[in-house]
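Notes for the structure review
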Amino acid sequence: MARKLSEWRESLTLIQAKQACRRISNSYSCGVLCSGGCLDTLAAIRSGFVPIWGTEIEPVMKTMWSDLTGTASLGDTFAVDWSQQRRPSCIFSGQPCPDFSLSGSKKGVYGSTGWQYVAQCDVILKVHPHSFVLEMVANVMDVDNGNAVGEIYDKLHPLSLHVSSHLTPSVTPLILR
């Protein structure tokens, strides 16, 4: 089964991904916070989601987003007027990890970008997608005793959102042909 899933994942080409983003369909929609190198976006497209918006501040990565999805990047996640954006079925988010990673500062939410991990909850509460996926390095549980994850639970749980977490020790990279 693992081999079949790997083959399925690896069979997506960039051309196919771009075509999927531009095809009008009744697919589930997604928004991507901090689109970066578009790996979350490619995984979402491969899973049948159509990206309707994304955020990113790095110019090259903003261009990658627009080229792949055919939509403009909204820029800084925390400067967007979310009341003017479509509500996606799902939000995928991969906030910067240096302040939580083993090779990073380990300052967590007190680092230069670590605060964004918890602050993304404010976006989720404003946009109120049907579901969301928040990605962070596993070491987030070891920095400040995992308090950042606890803060996310605290922010999202009282609003009747079902919040669960699990750690995936390693991920095989997606390779596009």
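Scroll up a little and you will see the structure.
What comes next is a walk through the structure. (Residues numbered from 1 in each chain as written. Predicted model: local features only at pLDDT ≥ 70, side-chain atom pairs only at ≥ 80, totals over all residues. Heavy atoms only, no water.)

What follows covers the nonpolar core. Counting 21 residues, the largest nonpolar core has Trp53, Trp82, Phe100, Tyr117, Val140 and Ala148 as its most contacted members. Contributing elements (two or more residues each) for this core: β2 (50–54), α5 (115–127) and α6 (147–156). The element best represented in this core is α5, accounting for six residues. Dropping the residues within four chain positions of it, Trp53 is found in contact with Cys30, Gly31, Val32, Leu33, Trp65, Leu74, Trp82, Gln85, Arg86, Pro88, Ile91 and Val127. (Core = buried A, V, L, I, M, F, W, Y, C linked by side-chain atoms within 4.5 Å. Buried < 20%, exposed > 50% of the residue type's maximum accessible area, 1.4 Å probe, protein only. Helix = DSSP H or I, 4+ residues; strand = E, 2+ residues; numbered from the N terminus. Contact = heavy atoms within 4.5 Å.)

All right, on to the sheet that holds strand β3 (residues 90–93) then. Across the sheet, four strands lie side by side as β2-β1-β3-β4; this open sheet has parallel pairing. Edge positions in the sheet fall to β2 and β4 (131–134), since each of these pairs with one other strand and no more. Geometrically, the sheet is characterised by an average inter-axis angle of 25° between neighbouring strands, direction not taken into account. As judged from the four bridges shared by strand β1 (residues 29–33) and β2, these two strands associate in the parallel manner. The partner of Cys30 across the bridge, within β2, is Pro51. (Pairing = 2+ DSSP bridges. Axes fitted to C-alpha atoms, helices over the stretch in contact; angles between N-to-C directions.)

Moving on, we get to the packing of helix α2 (residues 14–22) against helix α4 (residues 59–69). Running from N to C, α2 and α4 point in directions that differ by 75°, and their axes come no closer than 7 Å. Of the possible angle classes, the one that applies to α2 and α4 is roughly perpendicular. In this structure, α2 contributes Leu14, Ala17, Lys18, Cys21 and Arg22 to the contact, and α4 contributes Ser66, Asp67, Leu68 and Thr69. Partitioned by chemical class, the residues of the contact of α2 with α4 number four nonpolar, two polar and three charged. (Parallel < 35°, antiparallel > 145°, perpendicular 65-115°, else oblique. Nonpolar A, V, L, I, M, F, W, Y, C, P; charged D, E, K, R; others polar.)

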